[in-house]
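If you want the building blocks of each chain, they are given just below.
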Amino acid sequence: MPTNLDWKWMFTTPEGRIERGRWWIGVAALLVVALISTILFGTDGLVPFIITIVLQLAGLMLHIKRCHDRDKSGWWCLLLLIPVVGFLWALIDLGLLEGTPGDNRFGPDPLARAGV
């Protein structure tokens, strides 16, 4: 289980790589924030719209980093625009399959950095 999470880096930049454990933690955090914002603000209006945009961008940064760990371009995230197929792709490719061992073109192995 990852320790010492850098939340700002995880959700604000597409740079680098992120391992499966941190990706799942990030996805869970985004889901919790979305649920809380829906409870507090509902689904209609400017505030929920802005929160949704921010959460979508944060999720995109997270998914791009996970693509990088799989040695794929972040452009693969466009698959998320395809209903059902995008969800299944993310679940399998990003959530279940291991990342590239060792360094790749997107940076050092995040498991080696985390000491796992």
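A. Fine view of the packing of helix α2 (residues 20–41) against helix α3 (residues 46–69). At a closest axis distance of 10 Å, the pairing of α2 and α3 adopts a crossing angle of 175°. Classified by the angle their axes make, α2 and α3 are roughly antiparallel. Here Arg20, Trp23, Gly26, Val27, Leu30, Val33, Ala34, Ser37 and Phe41 of α2 come into contact with α3, specifically with Val47, Pro48, Ile51, Leu55, Ala58, Gly59, Leu62, His63 and Arg66.

B. The side chain of Arg22, seen in detail. By secondary structure assignment, the location of Arg22 is in helix α2. Under the relative-accessibility criterion, Arg22 is labelled buried at 11%. A polar atom in the side chain of Arg22 sits 2.6 Å from the side chain of Glu19.

C. Representation of unusual backbone geometry. A positive phi is found at Asp71, a non-glycine position, where the angle reads about 60°. Structurally, the position occupied by Asp71 is in the loop between α3 and α4 (85–94).

D. Examining a nonpolar patch on the surface more closely. On the surface, Trp24, Val84, Phe87, Leu88, Leu91, Ile92, Leu96 and Leu97 cluster together to form a nonpolar patch covering roughly 750 Å² of accessible area. Take the nonpolar patch: its biggest share by element is 4 residues, from α4. Within the fold, Phe87 resides in helix α4.

E. How the structure looks around the pattern of salt bridges. Scanning the entire structure with this criterion turns up 6 salt bridges. Close ionic contact of Glu19 with Arg22 constitutes a salt bridge, the shortest N to O distance being 2.6 Å. Taking the shortest distance from any N to any O, the salt bridge between Arg70 and Asp93 comes out at 2.7 Å. Within this pair, whereas Arg70 is found in the loop between α3 and α4, its partner Asp93 is found in helix α4, the two being separated by 23 residues in sequence.

F. Expanded view of the nonpolar core. Counting residues in hydrophobic clusters, the biggest one holds 16 residues, and the most contacted among them are Phe11, Trp23, Leu30, Leu62, Trp89 and Leu94. With 6 residues, the single largest contributor to this core is α3. Non-local contacts of Leu94, meaning those with residues more than four positions away in its chain, are made with Arg20, Trp23, His63, Arg66, Cys67 and Trp89.

G. Just the packing of α3 against α4, in detail. Two numbers describe how α3 lies on α4: the axes approach to 11 Å, and their chain directions differ by 50°. The pairing of α3 with α4 is recorded here as oblique in orientation. Of the two elements, α3 crosses α4, and the hand of that crossing is left-handed. Within the contact between the two elements, α3 uses His63, Arg66 and Cys67 and α4 uses Trp89, Asp93 and Leu94. Looking at the contact of α3 with α4 residue by residue, the classes come out as 3 nonpolar, 1 polar and 2 charged.

Calculation criteria
- Residues numbered from 1 in each chain as written.
- Predicted model: local features only at pLDDT ≥ 70, side-chain atom pairs only at ≥ 80, totals over all residues.
- Heavy atoms only, no water.
- Axes fitted to C-alpha atoms, helices over the stretch in contact; angles between N-to-C directions.
- Helix = DSSP H or I, 4+ residues; strand = E, 2+ residues; numbered from the N terminus.
- Parallel < 35°, antiparallel > 145°, perpendicular 65-115°, else oblique.
- Contact = heavy atoms within 4.5 Å.
- Buried < 20%, exposed > 50% of the residue type's maximum accessible area, 1.4 Å probe, protein only.
- Polar contact = N/O pair within 3.5 Å; in protein donor to acceptor, adjacent residues only side chain to side chain.
- Patch = residues over 30% accessible without salt bridge, like charges linked within 9 Å, V, L, I, M, F, W, Y side chains within 5 Å.
- Areas by Shrake-Rupley, 256 points an atom, 1.4 Å probe, with all protein chains shown as cover.
- Salt bridge = Lys/Arg side-chain N within 4 Å of Asp/Glu carboxyl O.
- Core = buried A, V, L, I, M, F, W, Y, C linked by side-chain atoms within 4.5 Å.
- Left-handed = near helix turned anticlockwise from the far one by under 90°.
- Nonpolar A, V, L, I, M, F, W, Y, C, P; charged D, E, K, R; others polar.

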